[in-house]
Amino acid sequence: MLVLGIETSCDETAAALVADGTILSNVIASQIDLHARFGGIVPEVASRKHVEAIGYVIQEAFDSAGKTHTEVDAIAVTSKYGLIGSLIVGVSAAKAMAYALKVPLIGIHHIEGHIFANILSNPGTPLPHVCLTVSGGHTMLVHVKELCQYEVMGNTLDDAAGEAFDKISKFLGLGFPGGPAIESLATQGNRAAFNLPRPLGRSRSFDFSFSGLKTSVVNMFKGRDRETLPLPDIAASFQQAVVDVLVSKTLQAALHKGVSAVSITGGVSINSRLREDFSAACGRQGLQVFFPRRDLCTDNAAMVAAAGAARLKYGEMSQLDLNAIPNAPLESIGCAGKHC
Amino acid sequence: MRVLGIDTANLTNTIGLIDGDRMVTDFAWEARDNSLQRIIISTDLVLKRGGLTLAEIDGLAVGIGPGSWTGLRVGVTVAKTLAYAVNKPICGISSLEAIAYQARSASILLCPLVDAGRENVYSAFYRARGKTLAMEGDYYVGNIKGLTERVKEPALFLGKPAHLYRRAITGELGDLASFGSPSDTSSGCVVALLSLPRFAAGAADDAFSLVPLYLGESLAQALLRRKETEARDE
C-alpha cells in the first residue's frame, strides 16, 4: 500500500511516500533559519511558510519517489497535536488531495507519528514496549501495548525537554535551536561541574518537569557577565541533568510495565549524550533500546505515513470533515472519543 | 469555461460553480471555526448539485483576501491543492473585489469592507469601468475613521462590516455615505466570474506559489522589523 504522508504540526513542512514499510521519499522543508531570527518559533510565521511550501514539498515527494498521483492508495496527515495554524495547512492539503484522488484519508496524532518513526526504522522493536518521545514541543512516556494501542504514562507538566534546551541556549546567548548548540558546547565541558536538580527524579509518577531546572540555571548565573561564564560546563551540566531525568523515568516506566524494550524518539533523541546514556543504562537493566534513523527523529512525514498505513490496515479512516485539533489526547485504535 | 470558486476571507464562507457567465450553483455557510471541517464536503455538495466531478471542471478561482488569515489559509491551500491534484489552472482573486462586484452597476465610488479584527477593517476603492471594476489606490487596513478620512465623494459601502460600522461611517461622512444590502457578501460564483477574464488572458496563477494576501504581519514580525530598522539606523 502506497501512502502519502503530510506533516505540518510545527515548523517543518513535510511530505513522504511510504510503501509497506519502505520509505520511497521523505521531503522536509525546514523553517528553522526563519525562526532563528526570532529566537523561537512564531506560529503566524510558521503557518504562512507552510502555505508557501506545501505544494512544492508534496510534488518533490512524488518526484523523488518516481511515483505519480494515480499510484497513491491513501493519504495520512498529522491532524492532532501541534500548533493549530500549522496543523490546518497540512490538513487542508491532505483533504484536498484525498478528495481529488478519491483515496482514503486518515488523520494521525503527532505523537503516534513519533512512535512509528522508531517502528519504521526498527521493524523488529518488540511489542509491547515503552516509548519516550521527546522534542521541543513534547515529552511523553507511552506504553505501546500493541500496534496502535497506547497508554500514556507520563507527560511534561510544564516545558518540554527540547524547550528547556532552547530556553537555556537563549539565556546563554547560544541561539536557536538550543539542542545542537548546547550539545556541541557540552562536549568541551564537565557535566559534574554544577550540582543541578533532577526534577521529579524521585517522584513515583512518570511525569516530567523542566521549568524548575531551567530556573535553577538562570538563578545560578543571572547578572553575571557572559564573558566570565563557564559556558561549556554549564551546557554539559544542564544537558546531563535533562538526560538523567529522561533515562531514569523511562527505565522506571519500562520496569513498571515489565517490557523488554524501550524506544526513544523525537528531536531530542538525536542527542549523542542521551543515546549513550540510554544505551548504557538499558544495557545494565537488560533492556533493548531503539532509536529512529537520524532523519526520522525530528518531524517528518514518513512516520505519519507509516502510522496511517497501520491504522488503515485495521480498517480505520477519517471522513472529509476531518478537523485539526491542537491538544487532542493520544488515542488507541477504535477508541475515538471513548475511554479505552 | 466551468470554474469552481471558493472564498473563505469572510465569516461567511462560500463556494460556487459557474459555466461561462452562468451561475450554476452557490453555497455559503457561517464559518466560525469550521472552515476547515466543512470546505471539502461543501465543495463536494456544490459539484454534485452542478452535476460535475472535480476532474470535469476547467479551472479554480479562490479569494486570496484580504480577510481572516486562518480562513484564507484554508481556502487558498485547499484550492491550490485541488488544482495541483487534478492539474487544472487556478486564479487568485481579491476578496474585496468580489464584494464590490455585486454593486458594479452603481456609478459612485465602491468601498467594500472585510473584517480585520480588533475593530479594524480591510478595504479598497473600486469604480465601475464598463463591465469591469478598476481599483483606485492601495489596499487599506485600519480603523473606520482612517478609512472615512480618505473618502471625499459619494461612496457606497458594502459587506457586513459596512452595516456593523454604519453609524460611525454616517457620522463622519453624512450624506456622502450610502450602503448596500446587509446580505451582500462575497460569493463563490462571483469569485469564479472574476477569474474568467484572467483565464482568457492567459493570466492564471501558479498553483505552487499562490499565497493569501495578508496585508499585515504578526506582532513578532513587526517587533523584529522595528528592532532591525533601529539597529540599522544607529
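Below is a summary of the structure that appears in this document. (Residues numbered from 1 in each chain as written. Chains lettered and ligands numbered in written order. Predicted model: local features only at pLDDT ≥ 70, side-chain atom pairs only at ≥ 80, totals over all residues.)

### Focus on the overall build of chain B
When helices and strands are tallied, chain B shows 8 helices and 10 strands. Relative to the globule expectation of 17 Å for 234 residues, the C-alpha radius of gyration of chain B, 18 Å, shows essentially globular dimensions. Across its three principal axes, chain B shows a C-alpha extent of roughly 50 × 50 × 35 Å. Classification of the 234 residues of chain B by burial places 49% in the buried group. A separation threshold of at least 6 residues defines the contact pool for chain B, and within that pool the share at least 24 residues apart is 68%. (Helix = DSSP H or I, 4+ residues; strand = E, 2+ residues; numbered from the N terminus. Rg over C-alpha atoms; globule rule 2.2 N^0.38 Å. Buried ≥ 20, exposed ≤ 12 C-beta atoms within 10 Å, placed from the backbone. Contact = placed C-beta atoms within 7 Å.)

### A look at the overall build of chain A
A tally of regular secondary structure across chain A gives 10 helices and 10 strands. Since a compact globule built from 340 residues should have a radius of gyration of about 20 Å, the 20 Å found for chain A is in line with a globular shape. Expressed as lengths along the three principal axes of its C-alpha atoms, the size of chain A is roughly 60 × 45 × 35 Å. Looking at chain A as a whole, 56% of its 340 residues qualify as buried. Counting only contacts in chain A whose residues sit at least 6 apart along the sequence, the fraction spanning at least 24 positions is 75%.

### Describing the interface of chain B and chain A
Contacts between the two partners involve 27 residues from chain B, matched on the other side by 28 residues from chain A. Secondary structure elements with two or more residues in the side of chain B that touches chain A: α1 (35-49), α2 (69-86) and α8 (219-233) of chain B. A class-by-class count of the residues in the side of chain B that touches chain A yields 17 nonpolar, 6 polar and 4 charged. (Nonpolar A, V, L, I, M, F, W, Y, C, P; charged D, E, K, R; others polar.)

### Some remarks on the sheet that holds strand β1 (residues 2-7) of chain A
Residues and elements named next belong to chain A. With mixed pairing, 5 strands are arranged side by side in an open sheet as β3-β2-β1-β4-β5. Where the open sheet ends on each side, the last strands, each with one partner, are β3 (22-30) and β5 (105-109). Taken pair by pair, the neighbouring strands of this sheet meet at an average axis angle of 20°, ignoring direction. Of the strand pairs in this sheet, strand β2 (residues 12-19) and β3 are connected by 8 bridges, and their pairing is antiparallel. (Pairing = 2+ DSSP bridges. Axes fitted to C-alpha atoms, helices over the stretch in contact; angles between N-to-C directions.)

### A few points about the sheet that holds strand β10 (residues 288-290) of chain A
Through backbone hydrogen bonds, the strands of a sheet pair up, either in parallel or in antiparallel fashion. All names here are of chain A. Strands sit in the order β8-β7-β6-β9-β10 across an open sheet of 5 strands; the sheet is mixed. Each edge of the open sheet is held by one strand with a lone partner, namely β8 (149-155) and β10. In this sheet, neighbouring strand axes are inclined to one another by 20° on average, regardless of whether the strands run parallel or antiparallel. Note that strand β7 (residues 139-146) and β8 share 6 bridges and pair antiparallel. Paired with methionine 140 across the two strands is asparagine 155, which belongs to β8.

### Some thoughts on the environment of B:Glu230
With respect to the helices and strands, the residue B:Glu230 is situated in helix α8. Between the alpha carbons of B:Glu230 and B:Val141 there is a distance of 24 Å; along the sequence they are 89 residues apart.

### Things to note about helix α10 (residues 302-313) of chain A
Residues and elements named next belong to chain A. An ideal rise of 1.5 Å per residue puts 16 Å on 12 residues; α10 measures up with 17 Å between its terminal C-alpha atoms. Within α10, 10 of the 12 residues are buried, which leaves it mostly tucked inside the rest of the structure. Residues of α10 that are buried: Ala302, Met303, Val304, Ala305, Ala306, Ala307, Gly308, Ala309, Ala310 and Arg311. At its buried positions, α10 is contacted by β1, β2, β3, β4 (74-80), β5 and α4 (110-121). (Expected span 1.5 Å × (residues − 1).)

### Quick notes on the pairing of strand β7 (residues 120-129) of chain B
All names here are of chain B. Bridge analysis of strand β6 (residues 109-117) against β7 gives 5 bridges, and the strand direction is antiparallel. Among the inter-strand pairings, leucine 113 is bridged to a residue of β7, identified as serine 123. The turn joining β6 and β7, which pair antiparallel and follow one another in sequence, is formed by 2 residues; a positive phi near 50° is taken by arginine 118. In this sheet, strand β8 (residues 132-142) lies alongside β7 in antiparallel orientation, the contact comprising 8 bridges. Looking at the pairing, arginine 129 lines up with threonine 132 of β8.

### Let's talk about the packing of helix α8 (residues 231-257) of chain A against helix α9 (residues 272-285) of chain A
Packed helices, taken two at a time, are described by their axes: the angle between them and the distance between them. Residue and element names in this part refer to chain A. At a minimum axis separation of 10 Å, α8 and α9 run at an interaxial angle of 35°. Here the hand of the crossing between α8 and α9 comes out right-handed. Side by side, α8 and α9 meet where Gln239, Val243, Leu246, Val247 and Leu251 of the first sit next to Arg273, Leu274, Asp277, Phe278, Ala281 and Gln285 of the second. Its residues assigned to classes, the contact of α8 with α9 shows 7 nonpolar, 2 polar and 2 charged. (Left-handed = near helix turned anticlockwise from the far one by under 90°.)

### A closer look at the environment of B:Leu224
For B:Leu224, the position within the fold is in helix α8. Judged by the 17 C-beta atoms lying within 10 Å of it, B:Leu224 falls in the partly exposed class.

### A short note on the packing of helix α6 (residues 178-186) of chain A against α8(A)
Residue and element names in this part refer to chain A. The interhelical angle for the contact between α6 and α8, taken along N-to-C directions, is 115°, at an axis separation of 8 Å. In terms of their interaxial angle, α6 and α8 are classed as roughly perpendicular. Seen along the crossing, α6 lies across α8 with a hand that is left-handed. In this structure, α6 uses Ile182, Glu183, Leu185 and Ala186 to contact α8, whose residues at the interface are Leu231, Pro232, Ala235, Ala236, Phe238 and Gln239. Of the residues in the contact of α6 with α8, the class split is 8 nonpolar, 1 polar and 1 charged. (Parallel < 35°, antiparallel > 145°, perpendicular 65-115°, else oblique.)

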